[in-house]
Structure formats: structure tokens, C-alpha cells
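This is what each chain is made of:
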Amino acid sequence: MAIKDSSRRDFIKRNSLAGLGLTALGTFPGLDAYSSESANAGVGIARIKSLAGLSLQQLYDRYHDELFKRFLPAMDSLCIDHQYGGFMCDVDIAERKLINTIKRVWNQGRGIWVYSFLYTNFDKNPKYLEVAKKAIDFIMKLKPKDGNFFDGNYSREGNKISGPGDIYGNLFVAEGLAEYAKASGDQSCLKLAKEMIFECLARYDRPDYVYDISYVPGKPKMQGPRNLGHWMIFLSLSSQILTQGPDAEIEKLADRCIDAIMNRHVNEEFNILNEVRNHDFSLPKNEYADFAVIGHGIETLAFVMAEAMRRKDADLFSRSEKAFRRHVEVASDKLYGGHFEVLFNANTYSWSPSKSAWCQQEVSIGALLSLEHTGQDWAQVCFNEGDAYMIDKMRCPEFATWTFGGNRKVVNPSKTTIEHYHMPRYLMRNMLALQRIMNRNGKISGLIS
């Protein structure tokens, strides 16, 4: 049986081949996008009364139904392996049947996180912890004893069926373990998560570390790269662990990530984050000099905003919120709506034409954070437009759950994956934000004076 890799990288490849020469998609938006709002960037609202044409409670209820009445039942019947533990995500969501029983390491760690976070924040149903624990038992038996990364894919029973995986597999397993520790109180899982994080960091810091960044065919491999997506996950992990209590080493890692993101990955020529830098953070003298996975930039800056909120650091929140807005505006497709996720070359303005649900969802999470803490009109406009786009293009009520995405117009959307991480995370993060806003009776937080 052929291995079917449903990673975002391969999704982008499959949807990009016809668009490698795509250029000049409308006027370069820069800082003047949402121009009616830009003129009044400092003018906002004092109280949030409605979003997406709904009251805050109605929107919360819509998210709740998507999570509990649609997503979780689909997971239970199609994705969760109740016999061996873990998650099988290659699913025909139109026909509601498994395509194969492959278990990718990324998906095991992400699924553990989803069910642990769900238990902690929304419903202390012991079945959710049981799903997470069975996945932990499945995947941890397969952890290499030589310090290497997990293999990429395993059979349903746990037999190796592909070669070595990558750093993200280990980091996502660590994320799942850390969140399970918070949900269950099992501190041995938190200890193991930290060990895995710092093993990955040591590997990443080696000058001979190699990561395949080939979002499109032909891009070179680099030794010792500094990769935005790596800082993104290290920061997300650090922020989540720090909610469980102080930790000097993790705090230091979070500081290091923020410095790399906010100070060292910014391309001064076009003022967005490069995906790849040299080991010393200098700009590569190859295709990566003009290359940005702008969806990563959007997601990463939303993580910085969340960490600033945790720290109650108004200056960091303001800086990251402005950078988030810049990335959202540059990635906006002014002709067909939604946001692109990969900018092949900033100077020729060549984009991958694919549209992924995860990118739209990260825009929504960050826009709601911005609105909650600044009350800026642009954030409300961005959130509302993004919500309408996702409902129209990504929700796909005829399928078991949301599509992973598709081409530029999202014609014939992807039907081969249950996206079991970004989609529920978007629902849950936004539900928590709405809870905070409703608890303040719609008032802006006051974090930013």
C-alpha cells in the first residue's frame, strides 16, 4: 500500500505545480490593505457586541456545535484507533471511510494535544484522556533509543513503514505529552516532554543539522539553517509549558524564540519574515533570500501575541500585532478572498496558489486576539471577512468534517484528510477568547493602553 503523506508541505506541492509562475496577483497590498481602516488605524471600538453577524454567544455556540456535534463524532468513527491507540488521518471525508491505516508521527502528537486540551478546557470527560493516553502508549513504544527522530510513518500495529521523520514529529509528540501532563497531573509526561524539546534544540543548533525545506521541487537543502517554523513550534511549546508553572530553562527558550522571530528573521527589504536564514541568521545567497512561508509568519506572530498576553507585555503584544497585520495584508488574495500561505519570491511576487484551511484559521485566531486586546476596526473586518470565506470554502457541510483546502478558488476541495489539529485548535482557541470577551461584557482587555 502506498504511503499517503498528508502534510502541509506535500499539500502545497500538489496544489502549486500549475502556479509556479503565478505573478502579479493584483496590487501589492503592503500596509495600505484594508485602506478604509488603515486611515484610522488608531481608532477602534471600546466594546465588542457582535462578530460574523452573530452575537458573541451565538458565535460561541456555533463553534461549540462544530466541535462537539461534528468534529469529535467524525474523529470517533473515522480517525481514532480504538483498538491499538493513536490516529489514522488518511480519510475520505466525502465517502466517510478510511483510505489507509497509516499512522504518521506528526498526527499522533497533535491528536494527543487536541484531546488533552479539550479535557482541560472544555469537558472533563474521561474518554478524552483515555484517547490521549492510548495514543501516548502507542507512540512512545516506538521512540528511538539512540536519540534520533521518530520514523515518519508506522502501520496501524506500530511497524515501521517509512524512513526517518523530522524534528516536527518529535516536537509534536512533546507538545502532546506536555498538554497531557497538564490535563492528567502526570508529571512524568511533562519531564519527558522537556527532555524531548531540549534534545531537538541541541540537534537544531548543530551546524551540520539539515532540514528539507522543499515546499516546491528543486529548492536546495541547507546545512545548519535557522527556520521560522522551528522557532514557531519551540515558542508554542514554551508558552504552553509555562502556563503550568515557572521554569527558568523554558523561559530562556521562549526569550530566545522571540528574539529570533522579532529581530532576526525579518527581511528589511520587504518587512516580512523569511522562512529560512543561515545558521548565523545572515540572509542566504540563494532562492531562500526572497522566500517566505507567510502562513508560518501569520501563525508564528499569533503565537508571539499569545505569549505577550501571558506575560502581560504590552510592548511585545503591540509589536507582534502590527507585524501580524502586515503579514495578513500581504498574504490577502484581493481577487478571490482568503489568504495564501507560500510566497515563492517576494520580489517577483510569485505565490503558490493553494489555499489551506489551516492558514485561514491562524488568521482568525490572531485577528480575534488583536480585536480582544486592541479593539481595532481592521481586526474586526479581517475576522468577519475570514469567517465568511471559511464558511463558504472550507466548512463543506456535505463532508464528514472541514476540508484541508484546495487550489486558489478552492474548486474541488481536498477530501483525503481529516485535519485534526489546526481546525479543532482554531475552534477551541477562539471559544476561549470569546469566553474572555463575554466575561468582560464585550470590553476591550486594556492590555494595550
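Residues numbered from 1 in each chain as written. Predicted model: local features only at pLDDT ≥ 70, side-chain atom pairs only at ≥ 80, totals over all residues. Heavy atoms only, no water.

This next bit is on the overall build of the chain. Of regular secondary structure, the chain possesses 14 helices and 16 strands. Looking at the chain residue by residue over its 449 residues, the buried ones come to 59%. Taking the contacts inside the chain whose residues are at least 6 apart along the sequence as the reference set, 70% of them involve residues at least 24 apart. Counting only carbon and sulfur atoms, one obtains 50% of the accessible surface of the chain, whose full area is about 17300 Å². (Helix = DSSP H or I, 4+ residues; strand = E, 2+ residues; numbered from the N terminus. Buried < 20%, exposed > 50% of the residue type's maximum accessible area, 1.4 Å probe, protein only. Contact = heavy atoms within 4.5 Å. Areas by Shrake-Rupley, 256 points an atom, 1.4 Å probe, with all protein chains shown as cover.)

With that settled, consider the environment of Ile233. Position of Ile233 relative to the elements: it lies in helix α8 (residues 228-242). Excluding residues that lie within four positions of it along the chain, Ile233 makes contacts with Tyr168, Leu171 and Phe172.

Glancing now at helix α4 (residues 105-121). Between its first and last C-alpha atoms α4 spans 25 Å; for 17 residues at 1.5 Å apiece the expected length is 24 Å, and the two agree. Burial within α4 is extensive, with 15 of its 17 residues counted as buried. (Expected span 1.5 Å × (residues − 1).)

Following the sequence through the fold, Glu321 ends up in helix α11 (residues 314-331). Within the buried core, Glu321 has no salt-bridge partner, and the shortest N-O distance to an opposite charge, that of Arg325, equals 6.3 Å. Setting aside its immediate chain neighbours within four residues, Glu321 contacts Met305, Ser370, Thr374, Gln376 and Trp378. (Lys, Arg positive; Asp, Glu negative; His and termini not counted. Salt bridge = Lys/Arg side-chain N within 4 Å of Asp/Glu carboxyl O.)

Counted under the stated rule, the structure contains 27 salt bridges. The partner of Arg264 in a salt bridge is Asp259, and the shortest N-O contact between them spans 2.6 Å. Overall, Arg264 belongs to the partly exposed group, its relative accessible area being 39%. Ionic pairing is found between Arg311 and Glu307, a salt bridge with its closest N-O pair at 2.6 Å. Of this pair, Arg311 and Glu307 both sit in helix α10 (residues 294-311), 4 residues apart, which is roughly one turn of the helix. Because the salt bridges share partners, they merge into one network encompassing Glu251, Asp255, Glu307, Arg310 and Arg311.

We now examine the packing of helix α5 (residues 126-140) against helix α6 (residues 167-184). The N-to-C vectors of α5 and α6 enclose an angle of 140°; their axes lie 11 Å apart at closest approach. By the angle between their axes, α5 is oblique relative to α6. Once α5 is placed against α6, the crossing between them reads as left-handed. Residue-level contacts link Leu129, Ala132, Lys133, Ile136, Ile139 and Met140 of α5 to Val173, Leu177, Tyr180, Ala183 and Ser184 of α6. Looking at the contact of α5 with α6 residue by residue, the classes come out as 9 nonpolar, 1 polar and 1 charged. (Axes fitted to C-alpha atoms, helices over the stretch in contact; angles between N-to-C directions. Parallel < 35°, antiparallel > 145°, perpendicular 65-115°, else oblique. Left-handed = near helix turned anticlockwise from the far one by under 90°. Nonpolar A, V, L, I, M, F, W, Y, C, P; charged D, E, K, R; others polar.)

The next point concerns the packing of aromatic side chains. Evaluation of the coordinates by the stated rule reveals 19 aromatic pairs. Between Phe324 and Trp378, the aromatic rings sit 6.4 Å apart at their centres with planes inclined by 45°, giving tilted as the arrangement. Taken together, the positions of Phe324 in helix α11 and Trp378 in helix α13 (residues 377-393) put the pair 54 residues apart, joining distant regions of the chain. The pair formed by Phe324 and Trp378 is uniform in burial state, with each residue classed as buried. (Phe/Tyr/Trp six-rings, centres within 6.5 Å; stacked < 30°, edge-to-face > 60°.)

For the rest of this paragraph, the subject is the packing of helix α9 (residues 248-264) against α10. Direction vectors running N to C along α9 and α10 enclose 135°, while the axes themselves pass 11 Å from each other. What the angle tells us is that α9 and α10 run oblique. Read as a crossing pair, α9 and α10 show a hand that is left-handed. For the pair formed by α9 and α10, the contact residues are Glu251, Ala254, Asp255, Ile258, Ile261 and Met262 on the first element and Thr300, Leu301, Val304, Glu307, Arg310 and Arg311 on the second. Across the contact of α9 with α10, the residue classes tally to 6 nonpolar, 1 polar and 5 charged.

A positive phi angle, close to 55°, is found at Ala52, a residue other than glycine. Residue placement: Ala52 occurs in the loop between β1 (50-51) and β2 (54-55). The class for Ala52 is partly exposed, based on a relative accessible area of 22%. Notably, Asn271 is not glycine yet its phi reads approximately 60°, a positive angle. For Asn271, the location among the structural elements is in the loop between β10 (266-267) and β11 (272-273).

As for its placement among the helices and strands, Trp113 is situated in helix α4. Looking at Trp113, the relative accessible area reads 0%, which means it is buried. As for Trp113 and Tyr180, which are separated by 67 residues in sequence, their C-alpha atoms are 6.8 Å apart. Discounting residues that sit within four places of it in the chain, Trp113 has contacts with Glu175, Gly176, Glu179, Gln240, Tyr421, Arg425, Met428 and Arg429.

Let us look at the confidence of the model for the chain. Low-pLDDT stretches of the model should not have their predicted coordinates read in fine detail. Looking at the chain as a whole, its pLDDT mean stands at 91, while 89% of the residues score no less than 70. Confidence over residues 1-6 falls short of pLDDT 50; this stretch has 19 contacts with residues more than four positions distant or in other chains. (pLDDT = per-residue confidence, 0-100.)

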